[in-house]
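Below are the chains, spelled out letter by letter.
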Amino acid sequence: MSKTFSMGGVHPHDNKISANIAIEPFPLPAIAAISLAQHIGAPATPVVQKGDFVRVGQLIGKATGFVSANVHASVSGTVKSVEPFVDATGALSMTIFIETQGDEWIEGIDRSSQIVSNITLPGPEIIKKITECGIVGLGGATFPTHVKLSPPPGKKATCLILNGAECEPFLTSDYRIMVEFGEEVLTGARLMMRALDVQKCYVGIEENKPQAIQKMVDLSKRFLGTEVVVLKKKYPQGGEKQLIDAIIKRQTPSLGLPVDVGAVVQNVGTALAVYEAVQKNKPLIDKVITVTGFQLNEQRNFRVRIGTPLSQLIDAVGGIPENTAKLVLGGPMMGKSIAHQEAPVAKASSALLFLSEKETKRHSEGPCIRCAKCVEVCPMRLECYLLYKLGKANRYEELEQNRIYDCIECGCCMYGCPANIPLLDMVRLKKGEVLKIMKNR
Amino acid sequence: MTPIFIFTVVILSALGVFFAVVLYFVAQKFKVIEDPRIDDVTAVLPGANCGGCGFAGCRAFAEKCVAADSLDGLFCPVGGNTVMGVTAQILGKTAPEKAPMVAVLRCGGAKDKRELTNRYDGLASCAVAATLYDGNTACRYGCLMLGDCVHACAFDALQIDSESGMPIVDDTKCTACRACVRSCPKSLVELRNMGPKRRRVYVSCQNKEKGATARKACKATCIGCGKCVKVCTFEAITLENNLAYINDQKCKLCRKCVGECPTGSIIEVHFPERKEASLQVEQNLFTTP
Amino acid sequence: MKKLLISPAPHLHGKERTQRLMLDVIIALIPACLVSIYFMGLCALSVFAVSIATCLAVEYVIQRFLIKGPSTISDFSALLTAILLALNLPPTSPWWMVVIGAVVAIGIAKMTFGGLGNNLFNPALVGRVVLLISFPVLMTNWEVPASIFRSGADAFTGATPLGIIQEELAKGLTIGQIQEMYDFSFWHLLWGKIEGSMGEASALALLLGFFYLLIRRVIRPYIPITILVTIAAFTGILWWINPQQYADPLFHLLTGGVLLGAIFMATDYVTSPMNPKGMVIFGVGIGVITVLIRVFGAYPEGVSFAILIMNATVPLLNMYCKPKRFGEVITK
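In this text, all values refer to a predicted model and were calculated from it rather than measured experimentally.

**Points about the pattern of salt bridges**
Two side chains of opposite charge can pair, provided their charged atoms sit close to one another.
Residues and elements named next belong to chain A.
Piece 1. A full pass over the atoms with the stated rule returns 43 salt bridges over all chains.
Piece 2. A salt bridge links Arg403 to Asp406; the nearest nitrogen and oxygen atoms lie 3.1 Å apart. When sorted by exposure, Arg403 lands in the same class as Asp406, which is buried.
Piece 3. Close ionic contact of Arg428 with Glu409 constitutes a salt bridge, the shortest N to O distance being 3.2 Å. Taken together, the residues Arg428 in helix α14 (residues 423–440) and Glu409 in the loop between α12 (396–401) and α13 (412–416) connect sequence positions 19 residues apart.
Piece 4. What makes Arg428 partly exposed here is its relative accessible area of 24%.
Piece 5. Overlapping salt bridges, with partners in common, bring together Glu276, Lys282, Asp286 and Arg303 in one network.

Okay, structure coming up:
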């Protein structure tokens, strides 16, 4: 019996058309633009200057504070400038531009494909290594991994959950990682289990990935305490709270952390990065990115160096096809539409998606017929129609009473709304304001 | 028939008396004693509850006025000096005088001035668009044209002009309540002096990019050339971050800068036709060697 | 090339549309419509035609000339109201009565509140109840002419089973005696009975529509099930107390507008609660009020009144019956 989360959810067509394309390394960019704010928390402080020569893996941005992450050079070459630059949505952040010269790596990085499965370091050392290498959650939230692996005092994790659900349509990067780097992923998981001092690891995979399930089940026999959990195909299965609910049947309390119910969730991509950081000394300098869309002649899964301009990825698949209406960075349900194609790939980037007008254009908005479909599909069981109405009237107290802060912004409400009301647009905006009000209290 | 009749009368009377007593005690228990002057002041205030004074509504403002030692810092922008004068009279305090203000949109990037770089397809709200991306044109400072200020205005003083796509302020209706200023995610609306005969001059741009970049994005941008700064004899214009700003306290409305601006980003409002002015410019051209 | 789109997530949209939902309900009503036309012939057809024409016309005129907005006929909600109204009227309704009902339903019950999605009361039911109060004789007693599909009696007076029961009980007869005089067998009630509004003709046709709605996930079963269970339980208790004074639960479930009301009228999105808890209270309320009116009230039938009364509680139910949120209770 496949498991799934207890409330809400929608079933968009999964469209995993790039599933059988192997990951291939992407050529180095001529100029890499590496942002210092690729994670949640304080931006890193630059430690290189214009004119410096840097090598691959060298620290160029130092974490400022605990909730922050180191940033490393993804190419070798000369630092051209350090200045604000746009990300895909146009937000400015301090960015280090490196003009690529050769591909010279710093000492100590094991670049062979040989698997190092022997774990020598104790837990705290593992977390230190992860901190040094600037690993962040690669599922999209980019929360620094070392923070997640250090639960607040008094709280103790009982299990690690590896997130291989990849419930977003189109995305196949996690799937490819599980198929091609299965052993590395599970070793990474074992490292994190040691860091957390837990004995149990669940790997949640949706049932539409039989190859990955097969591979992980085979491997898990060799990894003590690792159990593969097959999940139903339902969005947003990969949401942290939903995944915990699906696998260990515990609901993370409102405004609480997953560790409150004893779970720590990590993406499979993060597990791979952790493995490479701890066992191979390799910082987070590249990322597996799915480049897909029905208009494209060829679907690709690339391993791209961070800082590569998106335009280069677009060129690699033959430019933007004529009937493309929208470019999305990330999945089609939660990704961001791209306003600046010159923006670089960041740690958070998981896919570059080409959508046609027919697939993505919003339909004209009608009046709310109070069908409550939005409530039915909301995985947090919020009354989205009500939040929309209250939001429109700026009634913040009632918004808070109706728990707008619980919204995970999965987009199910808008997906399910028969009247095409932009529910999430409003809820997202007002959620931010309510959180601000709550913080100031 | 009679017993039923009597029964009904007795029961209803008893109920009436009972509820009257209950009501009396409840009213006693929840009685609120407040200064009667609060009601007097509230009656004088416009009653729009726009929040322009910085308080939740007119009544909250009245309470503050009554409670405060002096009216300094308390001002009802909608009622203006007259209402504040009456309020001061009621309370026996003195009211500060303020020059009338008006909201001014400091962006001149009409539809024909800047080219759209993408199509926005979300909720028609500037706040949503502003959190999503930097703008629908190459100018990241410019107006998003989705009309949050129009919705924020309780006085119907802002309308989206269908031709330019930009909001325009009706200065006869604007009360300078600041609602639009707060609503604009790009901070494009500024409260400025209404000016004599509602005449005013201002730089209608907020673009802080270098001139060339700004010019590429918008034809009506301030390119930070500084010509206006040089021509101004009252030191009212400053140039910072490639952007000119006219100080409305110092500006004497001579309009020299308006003609000088190469992109036409300095706007003059409610001035008479500029016949002699253009003649003067021509004369200047001839006289200067 | 066209400029690229920029929009907040999600970038994909589901297939459900308002029109499609309305159309689904209309499809679910088709069996009931066909049965009523089969039994009652051309006069039924003419009631449908007048109702649909008037409802659409009223909606169009108000939307275009009073509200001055784009026409909203294409969302099929007016069409649905028209069909529901027709099903709530006797087949012999004179055309002018149908017109009045339609004008009240769309013009007063729906458009004055701001059109689709804003009305507090179910428009079709408001139309029916206004007619029921204004023309009680025309609405409850009528001559049924011979149908082109039906041979035998060329014309007979129709009174609803509920009307008969109430009338005969008032005369001092017992249920047993009444049932000897009339054919109220289960099968007769299930397959098709002609004495009632057009939509009450066949319980089976209505149930067919119910299953279609459930399979298409247009409605959730909470409201219809609670209404039926409540009525069955309430009348069951009464029947158990005194079977000679009160009719049996099955009779109550299959007669009058219970099925039509429970399946199609009470589940109207706009005028029903939005959370399961509220739906259950709503359903129980309708059930209780229906039985109270039927058994103790002056009218033989109370479903329409019950639904309208409960409609008024919907804003309150929506406010106080919140769904159980995710993470509300920590499961250990």
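**Re the domain arrangement of chain C**
All names here are of chain C.
Piece 1. Under the domain assignment, chain C is made up of domain 1 (19–138) and domain 2 (159–200 + 209–320).
Piece 2. The gap between the C-alpha centroids of domain 1 and domain 2 is 21 Å.
Piece 3. With 34 residues of domain 1 in contact, the opposing surface of domain 2 contributes 28 residues.
Piece 4. Taking both partners together, domain 1 and domain 2 bury about 2700 Å²; carbon and sulfur atoms supply 72% of that area.
Piece 5. Between Arg216 and Asp24 there is a salt bridge, with its nearest N and O atoms 3.0 Å apart.
Piece 6. Joining domain 1 to domain 2, the criterion identifies five residue pairs in polar contact (both at pLDDT 80 or more).
Piece 7. Mapped onto the side of domain 1 that touches domain 2, the elements with two or more residues apiece are α1 (18–40), α2 (42–66), α3 (77–87) and α5 (123–134).

**Topic: a nonpolar patch on the surface**
Residue and element names in this part refer to chain B.
Piece 1. A contiguous nonpolar surface patch, about 920 Å² in accessible area, is contributed by Phe7, Ile11, Leu12, Leu15, Phe18, Phe19, Val22, Val26 and Phe30.
Piece 2. As for its position among the elements, Ile11 is in helix α1 (residues 2–29).
Piece 3. Judged by relative accessible area, which is 40%, Ile11 ranks as partly exposed.

**Focus: the interface of chain C and chain A**
Piece 1. The interface is formed by 41 residues belonging to chain C together with 69 residues belonging to chain A.
Piece 2. Here chain C and chain A share an interface that buries about 4700 Å² over both sides, 55% of which is from carbon and sulfur atoms.
Piece 3. Taken together, the connections running from chain C to chain A amount to four salt bridges.
Piece 4. Notably, a salt bridge pairs Glu383 of chain A with Lys322 of chain C, separated by 3.1 Å at the nearest N-O pair.
Piece 5. Viewed at the interface, chain A and chain C are joined by 27 residue pairs in polar contact (both at pLDDT 80 or more).
Piece 6. Of all elements in the fold, only β1 (5–6) and α1 of chain C reach the threshold of two or more residues within the side of chain C that touches chain A.
Piece 7. It is α1 of chain C that provides the largest number of residues to the side of chain C that touches chain A, a total of three residues.

**A look at the side chain of Glu383 of chain A**
Piece 1. Along the chain, Glu383 of chain A turns up in the loop between α10 (373–377) and α11 (384–392).
Piece 2. Of the residues examined, Glu383 of chain A reaches a relative accessible area of 1% and is grouped as buried.
Piece 3. Not counting the four nearest positions on each side in its chain, Glu383 of chain A is found in contact with Val375 and Asn402 of chain A together with Asn275, Asn318, Lys322, Pro323 and Arg325 of chain C.

**Here's the deal with the state of the cysteines**
Residue and element names in this part refer to chain B.
Piece 1. The final tally for this structure, using the stated rule, is zero disulfides over all chains.
Piece 2. With no disulfide of its own, Cys76 lies closest to Cys58 among cysteine sulfurs, the gap being 6.4 Å.
Piece 3. Its relative accessible area of 7% is what places Cys76 among the buried residues.
Piece 4. With no disulfide partner, Cys222 has as its closest neighbouring cysteine sulfur the one in Cys205, 5.8 Å distant.

**Examining the sheet that holds strand β12 (residues 263–267) of chain A**
Residue and element names in this part refer to chain A.
Piece 1. With parallel pairing, four strands are arranged side by side in an open sheet as β11-β10-β9-β12. The strands lining the two open edges of the sheet, one partner per strand, are β11 (226–231) and β12. Going across the sheet, the axis of each strand differs from the next one's by a mean of 25°, ignoring polarity.
Piece 2. This element, helix α7 (residues 268–280), spans β9 (159–164) and β12 of the sheet and lies at about 80° to β12.

**Some details on the domain arrangement of chain B**
All names here are of chain B.
Piece 1. Splitting chain B by domain gives domain 1 (36–91) and domain 2 (101–287).
Piece 2. Taking only C-alpha atoms, the centre of domain 1 and the centre of domain 2 are 32 Å apart.
Piece 3. Summed over both sides, the interface of domain 1 with domain 2 buries roughly 440 Å², with 65% coming from carbon and sulfur.
Piece 4. The three residues of domain 1 that bury the most area against domain 2 are Cys50, Pro77 and Val78, which together make up 65% of that side's buried surface.
Piece 5. Summed over the shared surface of domain 1 and domain 2, the result is zero salt bridges.
Piece 6. Scanning the region where domain 1 abuts domain 2 turns up zero residue pairs in polar contact (both at pLDDT 80 or more).
Piece 7. Residue classes in the side of domain 1 that touches domain 2 are distributed as four nonpolar, two polar and no charged.

**Describing the sheet that holds strand β7 (residues 77–86) of chain A**
In a beta sheet, neighbouring strands are held together by backbone hydrogen bonds and run either parallel or antiparallel to one another.
Residue and element names in this part refer to chain A.
Piece 1. Strand order in this open sheet of four strands is β2-β8-β7-β4, and the pairing throughout is antiparallel. At either margin of the open sheet sits one strand with a lone partner, and together these are β2 (31–35) and β4 (53–54).
Piece 2. Where β2 and strand β8 (residues 92–100) come together, five bridges link them in antiparallel fashion. Bridge pairing links Ser35 to Thr95 in β8.

**Describing unusual backbone geometry**
Piece 1. With an omega dihedral of 0°, the bond running from Tyr235 of chain A to Pro236 of chain A counts as a cis peptide bond.
Piece 2. Here Pro236 of chain A lies in the loop between β11 and α6 (240–248).
Piece 3. The step from Ala9 of chain C to Pro10 of chain C runs through a cis peptide bond, and the omega angle for that step is -5°.
Piece 4. Here Pro10 of chain C lies in the loop between β1 and α1.
Piece 5. We note that Lys249 of chain A has phi near 55°; this positive angle belongs to a residue other than glycine.
Piece 6. Judged by its relative accessible area of 45%, Lys249 of chain A is partly exposed.
Piece 7. Its identity is not glycine, yet Arg255 of chain B carries a phi of approximately 70°, on the positive side.
Piece 8. Turning to its location among the elements, Arg255 of chain B is positioned in the loop between β8 (243–246) and α10 (256–260).

**Observations regarding the pairing of β11 of chain A**
The side chains of a regular strand alternate, first on one face of the sheet and then on the other.
Residues and elements named next belong to chain A.
Piece 1. Two elements, strand β10 (residues 200–206) and β11, share six bridges in a ladder whose sense is parallel. Opposite Gly204, over in β11, you have Val229 as the bridge partner.
Piece 2. Note that the unit made of β10, helix α5 (residues 210–220) and β11 has a crossover that is right-handed.

**Things to note about the interface of chain B and chain A**
Piece 1. Each partner contributes to the interface: chain B provides 13 residues, whereas chain A provides 17 residues.
Piece 2. Both sides of the chain B and chain A interface together cover about 1100 Å² of buried area, and 51% of this is carbon and sulfur.
Piece 3. Counting the contacts that link chain B with chain A gives two salt bridges.
Piece 4. In this structure, Asp121 of chain B engages Lys361 of chain A in a salt bridge whose closest nitrogen and oxygen atoms are separated by 3.2 Å.
Piece 5. Here chain B and chain A share seven residue pairs in polar contact (both at pLDDT 80 or more) between them.
Piece 6. It is helix α5 (residues 126–132) of chain B that contributes the most residues to the side of chain B that touches chain A, four residues altogether.
Piece 7. Grouping the amino acids of the side of chain B that touches chain A by side-chain chemistry returns five nonpolar, four polar and four charged.

Criteria and thresholds
Numbers given to residues run from 1 along each chain, matching the order in which its sequence is written. As they are written, the chains are lettered A onward and the ligands numbered 1 onward, keeping that order. It should be noted that, the model being predicted, local features are given only for residues of pLDDT at least 70 and side-chain atom pairs only at 80 or more, the latter also being counted only at that level, while totals for whole chains, interfaces and linings use all residues. With hydrogens and water stripped out, all remaining heavy atoms of the structure feed into the side-chain values. We define a salt bridge as a side-chain nitrogen of Lys or Arg found within 4 Å of a carboxyl oxygen belonging to Asp or Glu. Exposure categories follow from relative accessible area, calculated using a 1.4 Å probe and restricted to protein chains: below 20% of the type maximum is buried, above 50% is exposed, and the middle band is partly exposed. Put simply, DSSP H or I for four residues or longer makes a helix, DSSP E for two residues or longer makes a strand, and each gets a number counted from the N terminus. Note: domain ranges come from an automatic or database domain assignment. Should any heavy atoms of two residues lie within 4.5 Å, those residues are considered in contact. What counts as buried area is the accessible surface, traced by a 1.4 Å probe, that two parts surrender upon association, with contributions from both included. In protein, a polar contact requires one atom able to donate a hydrogen and another able to accept it; more generally it is a pair of N or O atoms within 3.5 Å, and residues adjacent in sequence count only if both atoms are side-chain atoms. A patch consists of residues whose relative accessible area exceeds 30% and which take part in no salt bridge; residues with like charges are grouped when within 9 Å of each other, and nonpolar side chains (Val, Leu, Ile, Met, Phe, Trp, Tyr) when within 5 Å. To measure how exposed things are, a 1.4 Å probe is used in the Shrake-Rupley method; for residues, cover is taken only from the protein chains shown. The disulfide definition used here is simple: a pair of cysteine sulfur atoms within 2.5 Å. Paired strands, as defined in this entry, are two strands with at least two bridges between them according to DSSP. Lines are fitted to the C-alpha atoms to define the axes, a helix being fitted only along its stretch in contact, and any angle between axes, read from their N-to-C directions, falls within 0 to 180 degrees. Side-chain classes are defined by residue name, with Ala, Val, Leu, Ile, Met, Phe, Trp, Tyr, Cys and Pro counting as nonpolar, Asp, Glu, Lys and Arg as charged, and the others, Gly among them, as polar. A clockwise path from the first strand over the helix to the second, with the strands pointing away from the viewer, defines a right-handed crossover.

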